[in-house]
Amino acid sequence: MSKNRTTTAPSSDGNRSDVPPATPGAAVLPSAAVLNPAAPDTSPARRRQWGAERRSEPLSIVHPTPSSRKIALGRLAIVTTVLAWITYIVTTILRQFANNPNAGFRFQVEATSYLIVVTFLTFSALMYLLARQGALYRFRDHTRVPRGELDRHFAHHNEGITVLVPSYAEEPAVVRATLWSAALQEFPNIRVVLLLDDPPHPTDPAIRERLEATRALSFQIESALLEPSTRAAAALAAFEAHLAERGVGAPSSCDDLPPLIAAYESAAVWLEDMADAEKVDDHVDEFFVDLVIMGLARELRLTMYALDAALAQGQCPEPDRIRELYVRLVRIFSTRLETFERKAYASLSHEANKAMNLNAYISLMGQRWQKEHVATGTVLRPLAPGQAADGDVLDVPDSTYLLTLDADSLLLRDYCVRLVHLLESPGNERIAVTQTPYSSFRGAPTRIERVAGATTDIQHILHQGMSYYGATFWVGANAVIRKRAVEDIVEVEDVGGFEIKTYIQDRTVIEDTESSVDLGTHGWTLMNYPERLSYSATPPDFGSLVVQRRRWANGGLLILPKLWNQLRRRRHLREQVLFREVLLRVNYMASIAWASFGLLFLLAYPYDSRLLSPVVFLAAAPYFLAMGSDLRDCGHRFSDIFRIYGFNLVLLPVNLAGVLKSIQQAFTGEKIPFVRTPKVKDRTAAPGLYVVIPYAIVAFSLLTLARDVMEQNWGNAVFAGLNAVLAAGAIRAYIGIKNSVVDMGLGVMNWLYVAPRKKKVEESKVIPKTAAEADWEAILYHGDRRLNRDLRSGNDRRRRAGVR
């Protein structure tokens, strides 16, 4: 593609404006749709389904300002839900008890249980409306920090940030995009560390090749950044030298602008050339090219447009402002990258979860470590300040901030500067974690990814609203963290003679939620930044979605006791704890449990028709109408409320399994192993049980429908018919009939198949070894009694044989 591009200048919020090009023939940014037309065909590897998402353009970074009418309707929805619930209790439940005093014990139990189910479901709907209302207030009041204020704030900024990217068995292309999105952050002192958690010495050639490719990414990206960073640093040095020649207090000169424009031109062309060379296989690649790489290039060209205009008008920025613009270029490309593998060190925790992968590296920061080789591998010994090292040394720099970033997530260009600016603003000294809850990539090629992405975008709004009420939870895909805050919640234990530090708890697989409670207990707060600056992958098929949602459903109940302890401590310290904050937090952690069991009861139990009332539907109507409006605002369809309901029906067994796993963990005290969400180009097979149960829901709903029609129980009949239709549609759309047959068949085969038993060879308790055979390093290091006994037994045997 030619480098002489022409395009419109982009606006500062990432949306294009109708500003004409800066200069004739100025380089311009193509959209991802026309990137590199001469390149080979880059059609998606996954076949696009009918009903998938056609729109690939992401939403605007800044949320639209809600109208007064929308805010008023949100308040009306909350009031309507509460009044409808009260009306139902008075006009249906209490009335039935008053009119039927001799109805019997069964009716009383049915009425009580039905009221409990309706109350919990209505409560969850009310919390949705409340969080949504808080989000509307935040979007209305949010004012974006101007670019110039960010440049001024970070012009002489000395605080560093370390980006931690935990990765396990990820495809190199996925990790590469994530590392690039972190490396191109506009931050003055940034270091990106890939925390590679794969087994360091795989035997499978394919796995070994993938591992080596992933290990090479940090060096490749840092090497690629060397060219633009060198040019930017040279341009800054030349300007400062020229400024020094003119002397202190010299007036601004328009002669300073052409070199600055040329520096920005060079940086923008470098990014555009990189975008041209990228291979676009799917909608995530398209986002990476168009929003991460080209988005930054568009911002640089917008600055060029302003500088060209200033030059044409003969009005020049002050020298300090020009220097800030040079510094911005330098910090964009001056990123250090490295790879760290904790499994290469025997003294670090090897717990198989993301939390301990992060904890292992955080525990090393700010110190120099001596590498010592022992029988079990390499251990790290701390070096005192100024102590001379004897051999290899691992030097891990410290930083004021940490940025945790999942290996399948992408950040927009100014994520770091805007969030750190928030942390460093007056009054925010006790904010420990800030983030922009991630959004979904648009242009999903499968129906299930589109609907799952719609639920992700809804969650983004709810998390923004929870910040309004002080009920923020850390959502683990991305977050900027004060390192001082996690040091306050660290737990230290001795494992095998080595000090293991736990900053982020790994007791549950939703480690971010538990850490949020821990931070609150120590007086820290959390805040979501009200913009869209981060995106994360959504599972593209039912099998991988099962893994993700089962993990999400596990752990919330286990954290509730910690929440009560936090609230008790805050009250003891005379802190104000708002009731709505408590309600939102409890709903966030436990709603999956009661919603799943409540829906199960409504589906399975034939409640008396006298308990049904149109008021119940009136209580639920504001929730569905508000969700439909939110979906439309997020670029989805209003009718997706029905698809999401069917989506939740087919995920009912998955959510129940996660809840039951939490209950099991509460009794056993064992940790639940972390299972990563599979990311494959084809399809992940789902467990057969999770495929059978949705069919059972359809069959039972049809049976209930027939029975209710015969008994003229029309309210239950309508509910059963709706469940049957939506569940059947969800099976067809999200699982697939053919895939269902395959997965159920595999489930039966896995259940019937029994691996052949290997004949157990009983090992001798005494293993005589000569001095040439003994593992002396292991004996000296471990001092194991069994090894001593084996050695002693061997010596005794040789002594009896007359061998000395």
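Here goes a summary of the coordinates provided.

### Considering a negative patch on the surface
Together, Glu351, Glu491, Glu493, Asp494 and Glu499 make up a region of like negative charge exposed at the surface. Of the residues forming the negative patch, the biggest block, 3 residues, is contributed by strand S14 (residues 491-495). Along the chain, the position of glutamate 491 falls in strand S14. Classification of glutamate 491 by relative accessible area gives partly exposed; the value is 44%.

### Considering the state of the cysteines
Among covalent bonds in proteins, the disulfide is the one between the sulfur atoms of two cysteines. Evaluation of the coordinates by the stated rule reveals 1 disulfide. Through a disulfide, cysteine 254 is tied to cysteine 316; the S-S separation comes to 1.9 Å. Taken together, the residues cysteine 254 in the loop between helix H6 (217-246) and helix H7 (257-277) and cysteine 316 in the loop between helix H8 (283-313) and helix H9 (319-333) connect sequence positions 62 residues apart. The exposure class of cysteine 254 is partly exposed, given its relative accessible area of 25%.

### Some words on the pattern of salt bridges
A complete count under the given rule lists 41 salt bridges for this structure. The salt bridge partner of glutamate 531 is arginine 144, with a shortest N-O separation of 3.1 Å. Here arginine 144 lies in the loop between helix H2 (105-141) and helix H3 (147-154) and glutamate 531 lies in the loop between strand S16 (525-528) and strand S17 (534-536), a separation of 387 residues in the sequence. Two residues, arginine 643 and aspartate 640, come together in a salt bridge whose shortest N-O distance is 2.8 Å. One end of the pair is arginine 643 and the other is aspartate 640, both in helix H19 (residues 640-650) and 3 residues apart, which spans about a single turn. Classification of arginine 643 as partly exposed rests on a relative accessible area of 30%.

### Some details on the packing of aromatic side chains
The description of an aromatic ring pair rests on the distance of the ring centres and on the angle between the ring planes. Applying the stated criterion to the full structure yields 18 aromatic pairs. With a centroid separation of 6.5 Å and 55° between ring planes, the pair formed by tyrosine 88 and tyrosine 114 is classed as tilted. In this pair, tyrosine 88 is assigned in helix H1 (residues 68-99) and tyrosine 114 in helix H2, connecting sequence segments 26 residues apart. For the residue pair tyrosine 88 and tyrosine 114, the accessibility class agrees, reading buried in each case.

### Brief notes about the side chain of asparagine 478
Its location among the elements puts asparagine 478 in strand S13 (residues 478-482). The exposure class of asparagine 478 is buried, given its relative accessible area of 1%. Looking at asparagine 478, its side chain comes within polar contact range of the side chain of tyrosine 415, at 2.6 Å. Dropping the residues within four chain positions of it, asparagine 478 is found in contact with Thr404, Leu405, Leu411, Tyr415, Gln435, Thr436, Tyr438 and Ser534.

### Section: the packing of H19 against helix H22 (residues 714-735)
As a packed pair, H19 and H22 sit with axes 8 Å apart at the nearest point and diverge in direction by 85°. The pairing of H19 with H22 is recorded here as roughly perpendicular in orientation. When H19 is examined against H22, the residues Phe642, Arg643, Tyr645, Gly646, Phe647, Leu649 and Val650 are found in contact with a partner set consisting of Phe719, Asn723, Leu726, Ala727, Ala730, Ile731 and Tyr734. Tallied by class, the residues present in the contact of H19 with H22 amount to 11 nonpolar, 2 polar and 1 charged.

### Topic: empty space enclosed by the protein
Counted under the stated rule, the structure contains 6 cavities of 30 Å³ or more. Reported here for the second largest cavity is a volume of approximately 60 Å³. Lining of the second largest cavity is provided by Pro166, Lys354, Leu358, Thr404, Leu405, Asp406, Trp474, Gly476, Ile504 and Glu511. Those elements giving two or more residues to the lining of the second largest cavity turn out to be helix H10 (354-362) and strand S9 (401-405). A class-by-class count of the residues in the lining of the second largest cavity yields 5 nonpolar, 2 polar and 3 charged.

### Things to note about the sheet that holds strand S6 (residues 367-374)
Within the open sheet, the 3 strands sit side by side as S7-S6-S8. Their pairing is antiparallel. Here the strands that pair on one side only, and so sit at the sheet edges, are strand S7 (377-383) and strand S8 (393-396). Across the sheet, the axes of successive neighbouring strands diverge by a mean angle of 30°, strand direction being ignored. Here S6 runs beside S8; their pairing, made up of 4 bridges, is antiparallel. Residue glutamine 370 lies in a different strand from S8, and its bridge partner there is valine 393.

### Topic: the environment of arginine 298
Tracing the backbone shows arginine 298 in helix H8. Arginine 298 sits 30 residues away from alanine 268 along the chain, and the two C-alpha atoms are 7.7 Å apart.

### Examining the nonpolar core
Judged by nonpolar contacts, the single largest core of 82 residues is most densely connected at Ile161, Leu179, Leu225, Leu271, Phe288, Phe333 and Val480. Sort the elements by how many residues they give to this core and H8 lands first, with 13 residues. Each residue touching leucine 225, except ones within four places of it in the same chain, is listed here: Trp180, Ala183, Leu184, Trp270, Phe333, Thr335 and Leu337. Judged by nonpolar contacts, the second largest core, of 65 residues, contains Met127, Tyr137, Leu649 and Val698.

### Details of a nonpolar patch on the surface
Together, Val79, Val82, Leu83, Ile86, Val90, Leu94 and Phe97 make up a nonpolar patch on the protein surface, roughly 560 Å² of accessible area in all. By secondary structure assignment, the location of valine 79 is in helix H1. Here valine 79 falls in the partly exposed class, since its relative accessible area comes to 45%.

Each value, and the rule that gives it
- Residues numbered from 1 in each chain as written.
- Predicted model: local features only at pLDDT ≥ 70, side-chain atom pairs only at ≥ 80, totals over all residues.
- Heavy atoms only, no water.
- Patch = residues over 30% accessible without salt bridge, like charges linked within 9 Å, V, L, I, M, F, W, Y side chains within 5 Å.
- Areas by Shrake-Rupley, 256 points an atom, 1.4 Å probe, with all protein chains shown as cover.
- Salt bridge = Lys/Arg side-chain N within 4 Å of Asp/Glu carboxyl O.
- Lys, Arg positive; Asp, Glu negative; His and termini not counted.
- Charge placed at Lys NZ, Arg CZ, Asp CG, Glu CD.
- Helix = DSSP H or I, 4+ residues; strand = E, 2+ residues; numbered from the N terminus.
- Buried < 20%, exposed > 50% of the residue type's maximum accessible area, 1.4 Å probe, protein only.
- Disulfide = S-S within 2.5 Å.
- Phe/Tyr/Trp six-rings, centres within 6.5 Å; stacked < 30°, edge-to-face > 60°.
- Polar contact = N/O pair within 3.5 Å; in protein donor to acceptor, adjacent residues only side chain to side chain.
- Contact = heavy atoms within 4.5 Å.
- Axes fitted to C-alpha atoms, helices over the stretch in contact; angles between N-to-C directions.
- Parallel < 35°, antiparallel > 145°, perpendicular 65-115°, else oblique.
- Nonpolar A, V, L, I, M, F, W, Y, C, P; charged D, E, K, R; others polar.
- 1 Å grid on protein atoms, 1.4 Å probe; cavity = no way out; pocket = protein on both sides within 12 Å on 5 of 7 lines; lining within 4 Å.
- Points joined across faces, edges and corners; volume = space filled by probe spheres on them.
- Pairing = 2+ DSSP bridges.
- Core = buried A, V, L, I, M, F, W, Y, C linked by side-chain atoms within 4.5 Å.

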